[in-house]
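Letter by letter, the chains look like this.
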Amino acid sequence: MRITVIGCGYVGLVTAACFAEMGNDVICVDQDRERIAALSDGRSPIYEPGIEALLAVNLSGRRLAFTTRLDQALERAEVVFIAVGTPSSADGSADISQILSVAASLGQYLMAPAIVVCKSTAPVGTACRVQAILDQHCARRHLNWRASVVSNPEFLKEGVAINDFMRPDRIIIGTEDDHAAEVMCALYAPFVRNHERILLMGRRAAEFSKYAANAFLATKISFMNEMASLSARLGVDIEQVRKGIGSDQRIGHQFIYAGCGYGGSCFPKDIRALLHMAEAEDQQLPLLSAVEARNSTQKQWLFRQISTRLGSNLRDMTVAIWGLSFKPGTDDIRDAPSLVLVKSLLDAGVRVQAFDPVAGTNIANQFAAAVARGQLQLSEDQYQAARFADALVLVTEWKQFRQPDFIRLRELMRRPLLIDGRNQYDPQALQAQGFEYVGVGRPSAEPQQRPALRIA
Ligand SMILES: NC(=O)c1ccc[n+]([C@@H]2O[C@H](COP(=O)([O-])OP(=O)(O)OC[C@H]3O[C@@H](n4cnc5c(N)ncnc54)[C@H](O)[C@@H]3O)[C@@H](O)[C@H]2O)c1
């Protein structure tokens with residue numbers, strides 16, 4: 001099929017590359033010229049494992065192309081995916097202005113009755129609004145055809161996005177139009193060859209399903225963080241509780257890790273948008289308000305541990321951070337717990353030495369002033385970040401942090417305080433190696449009696 005994808009971000013790029021990989025003829029549009037130039041050259045502007053290999057194969061196979069010209073990209077389009085951003089507005093609602101602006105351009109440039117697919121996460125009713133905009137334009141242009149708008153929310157996870165897209169748990173297609181449903185099912189057929197995973201429903205149900213899925217997953221995380229805050233007080237290790245409840249098939253092992261809060265481009269903004277949708281309908285969602293409140297508290301947990309252990313005056317102390325992206329496998333720092341921690345540390349006059357395998361540049365851009373005055377240093381190496389540190393905080397559980405050389409680390413640090421925001425380490429083993437260890441929902445160790453190690 002001839003496909004146009006609008007928006008070359010985490011979702012649009014993966015969508016375009018995966019459809020091209022299945023033999024479709026895909027053209028991907030973005031308004032960001034630098035992004036398009038890099039992509040046309042086979043370089044991905046985002047970090048996503050496997051994406052550059054897919055780009056190389058499909059660019060050279062001429063099944064995938066990139067452009068900034070929407071009019072040209074629509075010339076032969078049969079299916080058009082809208083994969084632009086839907087960030088939070090100041091009041092928490094989803095800002096769908098990028099979708100609406102794309103819809104207006106489609107109304108202007110579409111030359112044939114294509115199927116227009118809303119892939120962006122957007123509030124219930126957005127696909128209907130896009131349909132109304134397209135219908136108006138068709139009427140104004142005296143066209144005797146109508147583009148059909150479908151909602152097809154995306155469920156991929158950054159870091160494993162290609163695998164998620166290629167082997168989806170389910171594909172939700174929201175449409176009341178039989179022809180559109182048929183085309184969408186044909187398009188996705190190669191991704192569901194071994195068993196049927198396509199769910200057909202109305203547009204509004206499809207839109208709502210995406211929000212409900214994210215709200216449920218965020219609830220699991222906040223629930224576990226709440227249990228962690230109590231378990232530590234009761235002298236119980238939340239990690240044992242996690243295993244204890246995860247083995248119950250009704251609960252499952254996923255998304256029940258206590259930690260320093262959820263972040264990323266989806267959960268925080270989608271929960272806010274859902275709360276806003278409820279408010280507009282005069283409904284209260286106290287459970288979800290609590291999920292959000294717990295997450296905000298949790299994001300401050302790391303800094304609280306530092307000030308509890310190192311004292312309220314942190315000026316001129318040095319704190320090392322391992323991991324800055326909101327989760328491993330991505331360079332995405334949107335709403336990441338690291339942002340809250342870095343800001344609190346900088347405000348407290350702390351010198352921050354941070355390391356992340358791929359997200360360092362994004363953090364450096366976000367805190368450019370602190371980098372310029374030397375208060376925030378992005379290290380090239382995880383051990384270099386820990387030199388002379390008064391504390392090391394693990395924020396993102398990249399694999400390379402799982403089994404570090406603790407002896408080397410202990411020697412490098414000024415004070416061997418390790419705050420484990422992802423419960424990656426064995427508290428007893430670390431204490432035996434001379435670390436003062438703090439985990440989430442894990443009973444506090446007695447403060448270490450040995451004097452702080454000083455390195456000249
Ligand atoms: N990132 C995820 O993991 C994920 C997962 C599922 C769903 N989603 C949803 O998918 C949507 C896209 O998310 P993302 O993370 O890919 O966003 P993103 O910010 O990474 O990418 C959006 C892209 O759209 C481009 N764009 C904006 N307006 C445009 C226009 N008028 N014409 C052409 N290009 C335009 C931007 O330049 C940008 O490159 C959001 O609604 C998001 O909630 C994201």
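Because the structure is predicted, anything quoted here is derived from the model rather than measured.

Regarding the sheet that holds strand β9 (residues 318–322)
Taken in spatial order, the six strands of this open sheet run β11-β10-β9-β12-β13-β14, and their pairing is parallel. Each end of this open sheet is capped by a strand with a single partner; those strands are β11 (376–378) and β14 (436–439). Across the sheet, the axes of successive neighbouring strands diverge by a mean angle of 20 degrees, strand direction being ignored. Taken strand by strand, helix α13 (residues 301–310) contacts β9, β12 (391–394), β13 (417–420) and β14, and its axis lies near 160 degrees from that of β13. Across the sheet, helix α14 (residues 337–347) touches β9, β10 (351–355), β11 and β12, and the angle it forms with β9 is around 170 degrees.

Digging into the layout of surface pockets
By volume, the second largest pocket amounts to about 510 Å³. Lining the second largest pocket are 27 residues; nearest its centre among them are A232, W301, G439, G441 and R442. Going through the elements one at a time, α9 (203–233), α12 (286–299), α13, α19 (427–432) and β14 are the ones with two or more residues in the lining of the second largest pocket. Looking at the lining of the second largest pocket residue by residue, the class counts come to nine nonpolar, 12 polar and six charged. A domain split of the lining of the second largest pocket shows at least three residues from each of domain 2 (211–297) and domain 3 (300–439).

A word on the domain arrangement of the chain
Assigned domains of the chain: these are domain 1 (2–201), domain 2 (211–297) and domain 3 (300–439). Relative to domain 3, the C-alpha centre of domain 2 lies at a distance of 24 Å. Counting residues at the interface gives 14 residues for domain 2 and 14 residues for domain 3. Taking both sides of the interface into account, the surface hidden between domain 2 and domain 3 amounts to around 1100 Å²; carbon and sulfur atoms contribute 48%. Summed over the shared surface of domain 2 and domain 3, the number is one salt bridge. The partner of D335 in a salt bridge is R272, and the shortest N-O contact between them spans 3.2 Å. Where the side of domain 2 that touches domain 3 is concerned, the elements lending two or more residues are α10 (238–246), α11 (267–280) and α12. Grouping the constituent residues of the side of domain 2 that touches domain 3 by class yields five nonpolar, seven polar and two charged.

Cut-offs applied
- Once a new chain begins, its residue numbering starts again from 1 and follows that chain's sequence as written.
- Under the rules for a predicted model, residues below a pLDDT of 70 receive no local features and side-chain atom pairs below 80 are neither given nor counted, while totals for whole chains, interfaces and linings still include all residues.
- Side-chain metrics in this entry use all non-hydrogen atoms of the structure; hydrogen atoms and water are not considered.
- Two strands pair if DSSP finds at least two bridges between them.
- Note on conventions: DSSP H or I runs of at least 4 residues are helices, E runs of at least 2 residues are strands, and numbering of each starts at the N terminus.
- To get an axis, a line is fitted to the C-alpha atoms, and for a helix only the part in contact is used. The angle between two axes follows their N-to-C directions and goes from 0 to 180 degrees.
- By definition, residues are in contact when any of their heavy atoms lie within 4.5 Å.
- Points on a 1 Å grid, built from protein atoms alone, make a cavity when a 1.4 Å probe fits but cannot get out and make a pocket when they are open with protein on both sides within 12 Å along at least 5 of 7 lines; residues with an atom within 4 Å of a point are the lining residues.
- Grid points are joined across faces, edges and corners, and a volume is the space filled by probe spheres set on the points.
- For this scheme, ten residues count as nonpolar: Ala, Val, Leu, Ile, Met, Phe, Trp, Tyr, Cys and Pro. Four count as charged, namely Asp, Glu, Lys and Arg, and the remainder, Gly too, count as polar.
- Residue ranges assigned to each domain were obtained from an automatic or database domain assignment.
- Each of two parts loses accessible area, computed with a 1.4 Å probe, when they are put together; buried area is these two losses added.
- Each salt bridge in this description consists of a side-chain nitrogen of Lys or Arg and a carboxyl oxygen of Asp or Glu lying within 4 Å of one another.

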